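Chains, contacts and geometry: an overview
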Amino acid sequence: MNPRTERGRRTRTALLQAAREAFEQRGFDDCRMNDIADAAGVSHGTVYTYFESKEEILGQVIDELLVELQDDLRTSAKDPMARIAEANQRYLQAYRDNHRLLQVIEQAAVTSPELGARLDEFRRRYHLRVTAALRRLQEQGRVSADLPADVTATALCAMVEGFSRYWQRPVTDDINRTLTSLWVNALGLGPVA
């Protein structure tokens, strides 16, 4: 439900923030609507005024997260090597900032595949953007035309995502340089011809 009053919008926003915190603390399976109500400091019925189920409220939390991630992952560098370095750094930070919620989404996707599909669609769009960037670099002769751009983009993006998921130690500049070097070397990215 989209509230019509300012007070209703504030309540809905507070519920979404409380839901995110409750999901991050308890996980999807163990989180109940009562937990969300308690975290927001409202009655149990208030949650149901705005959301029919915890799947619906998590879906809204996911949609907000994906908007944040889209903004977080925008790069400004023009040089392809600098752009790769910036994109990797931004991705590592965004994953670090949101790792618990991303884990909750993966957990929820087991029983509610439509929730996981939202994250999958975000990944698909991101990979399409990287694929398009690689094709432009191939047209410029800076990346080998022998590399299928879609496969290459998916593999390199998956490398950074997988690394982000499994690396439990602090993320340093050396790590970003290593990941960027792996991208540049895999692409055979050369200077402007």
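Right, let's walk through the structure included here. Residue indices follow the written sequence of each chain, beginning from 1 at its first position. Per-residue local features of the predicted model are confined to residues with pLDDT of at least 70, and side-chain atom pairs are confined, for both listing and counting, to 80 or more; whole-chain, interface and lining totals are unaffected and use all residues. Hydrogens and water are ignored here; the side-chain numbers use all heavy atoms of the structure.

Right, let's get into helix α8 (residues 173–187). The first and last C-alpha atoms of α8 sit 21 Å apart over 15 residues, in line with the 21 Å expected at 1.5 Å per residue. Here's how the labels work: a residue is buried when its accessible area is under 20% of the maximum for its type, exposed when over 50%, partly exposed in between, all with a 1.4 Å probe on protein chains only. Secondary structure follows DSSP: runs of H or I at least 4 residues long count as helices, runs of E at least 2 residues long count as strands, and numbering of each begins at the N terminus. If you check which residues of α8 are buried, you get Ile 175, Asn 176, Leu 179, Thr 180, Trp 183, Val 184 and Leu 187. Considering only its buried residues, α8 is in contact with α5 (80–111), α6 (113–139) and α7 (149–166). In the segment just after α8, Gly 188 is the residue with positive phi, at about 65°. Given the number of residues in a helix, its expected span is that number minus one, multiplied by 1.5 Å. Contact between two residues is taken to exist if any of their heavy atoms lie within 4.5 Å; hydrogens are not considered.

Let us look at empty space enclosed by the protein. The method is simple in principle: a probe with the dimensions of a water molecule rolls over the atoms, and the space it marks as empty is what remains. Points on a 1 Å grid, built from protein atoms alone, make a cavity when a 1.4 Å probe fits but cannot get out and make a pocket when they are open with protein on both sides within 12 Å along at least 5 of 7 lines; residues with an atom within 4 Å of a point are the lining residues. Grid points are joined across faces, edges and corners, and a volume is the space filled by probe spheres set on the points. Per the counting criterion, the structure on display carries 1 cavity of 30 Å³ or more. Elements with a contribution of two residues or more to the lining of the largest cavity: α5 and α7. The element best represented in the lining of the largest cavity is α5, accounting for 3 residues. Grouping the constituent residues of the lining of the largest cavity by class yields 5 nonpolar, 1 polar and 1 charged. Residue polarity follows a fixed list, in which Ala, Val, Leu, Ile, Met, Phe, Trp, Tyr, Cys and Pro are nonpolar, Asp, Glu, Lys and Arg are charged, and the others, Gly among them, are polar.

Classification of ring pairs rests on two measures: the distance between centres of Phe, Tyr or Trp rings, Trp counted by its six-membered ring, which must be within 6.5 Å, and the angle between planes, read as stacked under 30 degrees, edge-to-face over 60 and tilted in between. Applying the stated criterion to the full structure yields 3 aromatic pairs. With 6.0 Å between their ring centres and 25° between their planes, Phe 23 and Phe 28 make a pair best called stacked. An angle of 20° between the planes, with centres 5.1 Å apart, marks the rings of Phe 163 and Trp 167 as stacked. The exposure class assigned to Phe 163 is partly exposed, which follows from its relative accessible area of 23%. Comment: the charge-over-ring label is applied if NZ (Lys) or CZ (Arg) is within 6 Å of the ring centre and within 35 degrees of the ring normal. The ring of Phe 28 carries the charged tip of Lys 54 above its face, separated from the ring centre by 4.3 Å.

Relative orientation of the contacting elements α6 and α7 amounts to 130°, with a least axis distance of 8 Å. With respect to α7, the axis of α6 lies oblique. Our pair here, α6 against α7, has a crossing hand that is right-handed. Listed contacts from α7 to Arg 123, Tyr 126, His 127, Val 130, Thr 131, Leu 134, Arg 135 and Gln 138 of α6 are Ala 149, Asp 150, Thr 152, Ala 153, Thr 154, Cys 157, Glu 161 and Arg 165. To get an axis, fit a line to the C-alpha atoms, keeping to the stretch in contact for a helix; angles then go from 0 to 180 degrees between the N-to-C directions. In these notes the angle categories are as follows: under 35 degrees is roughly parallel, over 145 is roughly antiparallel, 65 to 115 is roughly perpendicular, and the rest is oblique. Note: crossing handedness is left-handed where the near helix turns anticlockwise from the far helix by less than a right angle, and right-handed where it turns clockwise.

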